[in-house]
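# What the coordinates show
So you can see what is in the structure, the chains are spelled out below.
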Amino acid sequence: MLTNRQLFLELLGQTSGSPLLLEIKEAEGIYMYGPSGEKYIDLISGVSVSNTGHCHPHVIEAVKKQIEFHMHLMVYGELIQNPQVRYGEKLISLLPETLNNCYFVNSGSEAVEGALKLAKRYTGRSRIISFTNSYHGSTHGSLSVTGNEHLKRAFRPLLPGVHHIPFNNISSLSIIDEKTACVIAEPVQAEAGVIYPENDFLLQLRNRCTKTGTLLIFDEVQTAFGRLGKMFAFEKFGVVPDILVLAKALGGGMPLGAFITSKEIMSSLTHNPPLGHITTFGGHPVCCAAGLASLEVIINEKLIEQVQEKSALFREYLNHEAVKEIRGDGLLLAVETGDSEMTGYIISHAPEYGLILDYFLFSPTAFRIAPPLVITKEEIKEACEKLLALIETAYKNTSGCKR
Ligand code: PMP
């Protein structure tokens with residue numbers, strides 16, 4: 001009989017050249033467990049998804065309750081479903097006045113697709129600007145705006161009229177003009193290795209978009225729901241987008257995405273043509289119930305208030321010669337070793353130290369720390385002790401300490 005590992009490698013589509021290849025049977029809080037009880041601290045939250053930890057009891061209860069009422073009923077936007085209405089209401093209550101209409105989809109990529117289509121439809125323009133080293137998804141449209149040629153080359157032709165400009169370069173904003181439908185940006189570039197906007201870059205971007213009638217889309221798939229110490233990252237910079245794209249932690253561990261804008265902008269998808277975006281499973285009731293419950297946990301357990309203090313603990317504990325820099329704040333940190341071999345060693349050997357770590361897509365010399373926000377101070381200490389032992393071994397066993 002073949003093992004699960006053999007079946008996984010043989011029968012399931014593989015795109016990673018070096019998958020983590022750990023079998024996980026259960027997960028709770030910050031921990032994942034293998035079939036024989038192996039225990040791992042999840043330091044990446046399934047890539048910024050499990051902000052309230054795995055299987056939070058409040059989320060589980062909401063999922064169970066909703067399943068007893070109903071699962072899928074009908075394609076999105078036809079029937080009134082309580083979990084969608086309640087979650088939409090809650091999200092909008094937390095957002096600025098202009099972001100008052102929410103379209104639920106399935107994923108981050110689909111939310112980006114919806115946002116790009118909406119911007120083209122509303123403005124009647126087709127040019128799109130995005131930033132180098134951005135990541136916006138893997139479908140054709142979202143890949144088109146992703147700012148990494150290596151990921152895109154094999155799939156061209158992609159969307160026409162997409163231009164990439166460097167992040168944090170104010171002079172390049174002049175390319176945004178009256179023919180531009182939208183600019184899509186991550187307020188903090190996550191997969192680039194946690195790159196923050198400098199000075200008033202986002203404000204200048206906002207001003208240029210407003211001046212030219214271009215819609216500003218913020219992709220907060222990775223940065224929302226408290227990860228950077230605010231409910232939404234844009235609050236840190238005092239810049240409000242015209243369209244906000246959400247996913248990952250939005251679903252509380254279930255697949256869910258959304259693009260949120262004003263009712264006026266959104267309504268352009270209902271005519272010429274009607275059904276401007278269609279999704280069968282978008283806003284799945286069980287996912288909305290889970291997402292709302294997870295958001296309630298973030299608020300009720302005051303998780304956001306503790307994020308910066310927890311972040312500071314990682315900075316304090318991760319003090320090692322091999323750690324050249326820790327970028328970011330909140331609980332999305334890039335630990336920079338300056339050495340891709342050492343970073344690779346750390347990530348691939350992490351499970352032996354009871355840790356789960358991961359790369360950034362476009363920053364090979366840094367690894368990611370993005371634990372569930374529910375991680376306690378004691379758990380951070382424990383995780384950092386393990387991590388320091390791992391870093392020390394990696395430092396000795398790779399070229400790191402010889403340089
Ligand atoms: N935007 C950003 C900023 C992301 O980090 C991701 C996923 N890593 C996406 C979009 C795409 O989301 P999904 O994988 O759910 O399609």
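These numbers were taken from a predicted model, which means no experiment stands behind them.

Let us now look at the nonpolar core. Note that soluble globular proteins tend to have their nonpolar side chains buried in a common cluster. One finds Y87, L205, F225, F259, F314 and L387 to be the most contacted residues of the largest nonpolar core, which totals 98 residues. Looking at which element gives the most residues to this core, the answer is helix 14 (residues 377-397), with eight residues. Once residues lying within four places of it in the same chain are set aside, the contact partners of L387 are L43, L318, I346, L355, L357, F367 and I369. By size, the runner-up hydrophobic cluster in this structure holds ten residues, among which are V188, A334, F360 and A366.

A word on the pairing of strand 4 (residues 101-105). Within strand 4, five of the five residues are buried, leaving the element largely enclosed by the surrounding structure. Across the two faces of strand 4 the burial is the same, with N101, Y103 and V105 and C102 and F104 all buried. Sheet analysis places strand 4 next to strand 10 (residues 257-261), joined by five bridges and oriented antiparallel. When the bridges of strand 10 are listed, Y103 appears paired with F259.

Strand order in this open sheet of seven strands is 4-10-9-8-7-5-6, and the pairing throughout is mixed. This sheet does not close on itself; its edge strands, each paired only once, are strand 4 and strand 6 (162-165). Ignoring strand direction, the axes of neighbouring strands in this sheet form an average angle of 20°. Relative to strand 9 (residues 243-246), strand 8 (residues 215-219) is paired through three bridges, and the arrangement is parallel. Across the sheet, F218 pairs through a bridge with L244, a residue of strand 9. The strands touched by helix 8 (residues 201-212) are strand 5 (127-131), strand 7 (180-185) and strand 8; relative to strand 8, the strand with the most contacts, the crossing angle is about 145°.

Before going further, it helps to examine the side chain of H277. By the secondary structure assignment, H277 is in the loop between helix 10 (263-266) and helix 11 (285-300). The exposure class of H277 is buried, given its relative accessible area of 11%. Not counting residues within four places of it along the chain, the set of residues in contact with H277 comprises Y103, V105, E110, G114, K117 and L269.

On the surface, a cluster of nonpolar side chains totalling about 530 Å² of accessible area is made up of L2, L7, F8, L9, L11 and L12. Secondary-structure assignment places F8 in helix 1 (residues 4-11).

So, on to the pattern of salt bridges. Considering all chains together, one arrives at twelve salt bridges under this definition. For the salt bridge of E89 with R86, the shortest nitrogen-to-oxygen distance reads 3.4 Å. A residue pair is termed a helical-turn pair when its members lie 3 or 4 positions apart in one helix, as E89 and R86 do in helix 4 (residues 82-93) at three residues. Note on R86: relative accessible area 38%, which makes it partly exposed. Measuring nitrogen to oxygen at the nearest pair gives 2.9 Å for the salt bridge that ties R206 to D242. Note that R206 is positioned in helix 8 and D242 in the loop between helix 9 (234-237) and strand 9, a separation of 36 residues in sequence. The class of D242 is buried, set by a relative accessible area of 19%. Taken together, the salt bridges that share partners define one network made up of E325, R327 and E336.

What follows covers helix 8. For helix 8, with twelve residues, the first-to-last C-alpha span of 17 Å sits near the 16 Å given by 1.5 Å per residue. Regarding helix 8, the residues found buried are F201, L202, L205, R206, C209 and T212. The buried residues of helix 8 occupy one face: seen down the axis, they fall within an arc of 145°. Facing away from the buried side of helix 8, by more than 90 degrees, are the exposed residues T210 and K211. Next to the buried residues of helix 8 lie strand 5, strand 7, strand 8 and helix 9.

Reading guide: rules and limits
Residues numbered from 1 in each chain as written. Predicted model: local features only at pLDDT ≥ 70, side-chain atom pairs only at ≥ 80, totals over all residues. Heavy atoms only, no water. Core = buried A, V, L, I, M, F, W, Y, C linked by side-chain atoms within 4.5 Å. Buried < 20%, exposed > 50% of the residue type's maximum accessible area, 1.4 Å probe, protein only. Helix = DSSP H or I, 4+ residues; strand = E, 2+ residues; numbered from the N terminus. Contact = heavy atoms within 4.5 Å. Pairing = 2+ DSSP bridges. Axes fitted to C-alpha atoms, helices over the stretch in contact; angles between N-to-C directions. Patch = residues over 30% accessible without salt bridge, like charges linked within 9 Å, V, L, I, M, F, W, Y side chains within 5 Å. Areas by Shrake-Rupley, 256 points an atom, 1.4 Å probe, with all protein chains shown as cover. Salt bridge = Lys/Arg side-chain N within 4 Å of Asp/Glu carboxyl O. Expected span 1.5 Å × (residues − 1). Arc of directions from axis to C-beta.

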